[in-house]
Each structure stands twice: as structure tokens, then as C-alpha cells.
Amino acid sequence: MEEVFLTDESRLANGHIVKAYYHNVSELEEITPHHHDFYEVYYLLDGEVEYWVDGRIIRMQPGDLLLISPRELHQVYIQPDAAPYERYMLWISPSLLQK
């Protein structure tokens, strides 16, 4: 698994959290349904992946963008024979968007 953080600081001076990183993985251990206190934005570069988001199945293709809201229960599934799961991901604090 390759994971590269694209931001040096995840907490801005005013206390808002923003974190960006690149993620490339060919095998992913099972991820249980979970949620966060921040927005997650995914941009899929390569691979075949499905997200379960609050009861909906979302099949992503390279070039797709997905926004998951805070507290939204979600889980990722990677197809076992697919190309490596390659994405950019951005975490954004809700307080940053309230300004």
C-alpha cells in the first residue's frame, strides 16, 4: 500500500482540519462500516470499487468523485481481481464550510 500525504499541516491556524492524501492499494483488509466527524471527498484514479453509504451501493469508475458527509455510515469494497485501488482523498472539517 502506498499512502502519500499531500498536506504538511492537517490543522489550519484557525482550528479547521483539512487533510489531503494519495492512496494506492491492490489488497485492502475488510473495512467495517464506520463514520467520521468530517467530510470525505474521494476522487478515483484507477480500479473498480464500490462504496456502501447509508444503505446505498455506489459503484465508482476512474474519474468519479464521491462526497461523504460527516456521520454518514460508509464502507468500501475493492474487487479482488481489479486494478489497484488508486485515489485522492480529502478530509474537510464541517466548521471550515460554515464560514
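A few points on the structure. (Residues numbered from 1 in each chain as written. Predicted model: local features only at pLDDT ≥ 70, side-chain atom pairs only at ≥ 80, totals over all residues. Heavy atoms only, no water.)

**Some words on the overall build of the protein chain**
Okay, so step 1: Scanning the protein chain for helices and strands turns up one helix and eight strands.
Okay, so step 2: In sequence order, the protein chain lays out its α and β elements as β-β-β-β-β-β-β-β-α.
Okay, so step 3: Within the span of the protein chain, comprising 99 residues, buried residues form 35% of the whole.
Okay, so step 4: Sequence-distant contacts in the protein chain: of pairs separated by 6 or more residues, those separated by 24 or more amount to 64%.
Okay, so step 5: Accessible surface, the protein chain as shown: approximately 6300 Å² in total, 50% of it carbon and sulfur. (Helix = DSSP H or I, 4+ residues; strand = E, 2+ residues; numbered from the N terminus. Buried < 20%, exposed > 50% of the residue type's maximum accessible area, 1.4 Å probe, protein only. Contact = heavy atoms within 4.5 Å. Areas by Shrake-Rupley, 256 points an atom, 1.4 Å probe, with all protein chains shown as cover.)

**Some details on the side chain of His 36**
Okay, so step 1: Tracing the chain through its elements places His 36 in the loop between β2 (18–25) and β3 (39–46).
Okay, so step 2: A polar contact is formed between the side chain of His 36 and the side chain of Glu 40, at a distance of 3.4 Å.
Okay, so step 3: Leaving out residues up to four positions away in the same chain, His 36 has contacts with Pro 70, Arg 71 and His 74. (Polar contact = N/O pair within 3.5 Å; in protein donor to acceptor, adjacent residues only side chain to side chain.)

**Looking at the nonpolar core**
Okay, so step 1: Counting 16 residues, the largest nonpolar core has Tyr 42, Val 49, Tyr 51, Met 60, Leu 66, Ile 68 and Tyr 85 as the members making the most contacts within it.
Okay, so step 2: Broken down by secondary-structure element, the contributors of at least two residues to this core are β2, β3, β4 (49–53), β6 (65–68), β7 (74–78) and β8 (85–92).
Okay, so step 3: Among residues more than four places away in sequence, those in contact with Ile 68 are Phe 38, Tyr 39, Glu 40, Tyr 42, Tyr 51, Val 53 and His 74. (Core = buried A, V, L, I, M, F, W, Y, C linked by side-chain atoms within 4.5 Å.)

**Considering a nonpolar patch on the surface**
Okay, so step 1: A cluster of nonpolar side chains, Tyr 43, Leu 65 and Tyr 88, forms an exposed patch at the surface whose accessible area comes to about 320 Å².
Okay, so step 2: By the element assignment, Tyr 88 lies in strand β8. (Patch = residues over 30% accessible without salt bridge, like charges linked within 9 Å, V, L, I, M, F, W, Y side chains within 5 Å. Salt bridge = Lys/Arg side-chain N within 4 Å of Asp/Glu carboxyl O.)

**Thoughts on the environment of Asp 81**
Okay, so step 1: Mapped onto the fold, Asp 81 is located in the loop between β7 and β8.
Okay, so step 2: Along the sequence, Asp 81 and Glu 48 sit 33 residues apart, while their C-alpha atoms lie 9.0 Å from each other.

**Some points on the sheet that holds strand β5 (residues 56–60)**
Okay, so step 1: Strand order in the open sheet formed by three strands is β5-β4-β7, with antiparallel pairing between adjacent strands. For this open sheet the edge positions go to β5 and β7, each flanked by a neighbour on one side alone. Strand-to-strand, the axes of this sheet are offset by a mean angle of 20 degrees, without reference to chain direction.
Okay, so step 2: With five bridges connecting them, β4 and β7 associate as antiparallel partners. Bridge assignment links Val 49 to a residue of β7, and that residue is Ile 78. (Pairing = 2+ DSSP bridges. Axes fitted to C-alpha atoms, helices over the stretch in contact; angles between N-to-C directions.)

**Focus on the packing of aromatic side chains**
Okay, so step 1: Taken as a whole, this structure holds four aromatic pairs when the rule is applied.
Okay, so step 2: Pairing Tyr 21 with Trp 91 gives two aromatic rings, centres 5.6 Å apart and planes at 85 degrees, and the pair type is edge-to-face. Taken as a pair, Tyr 21 in strand β2 and Trp 91 in strand β8 lie far apart in primary sequence, 70 residues in all.
Okay, so step 3: Residue classification places Tyr 21 among the buried positions, given a relative accessible area of 6%.
Okay, so step 4: Residue class for Trp 91 comes out buried when judged on its relative accessible area of 19%.
Okay, so step 5: Through a chain of ring-to-ring contacts, three or more aromatic side chains come together here, namely Tyr 21, Phe 38 and Trp 91. (Phe/Tyr/Trp six-rings, centres within 6.5 Å; stacked < 30°, edge-to-face > 60°.)

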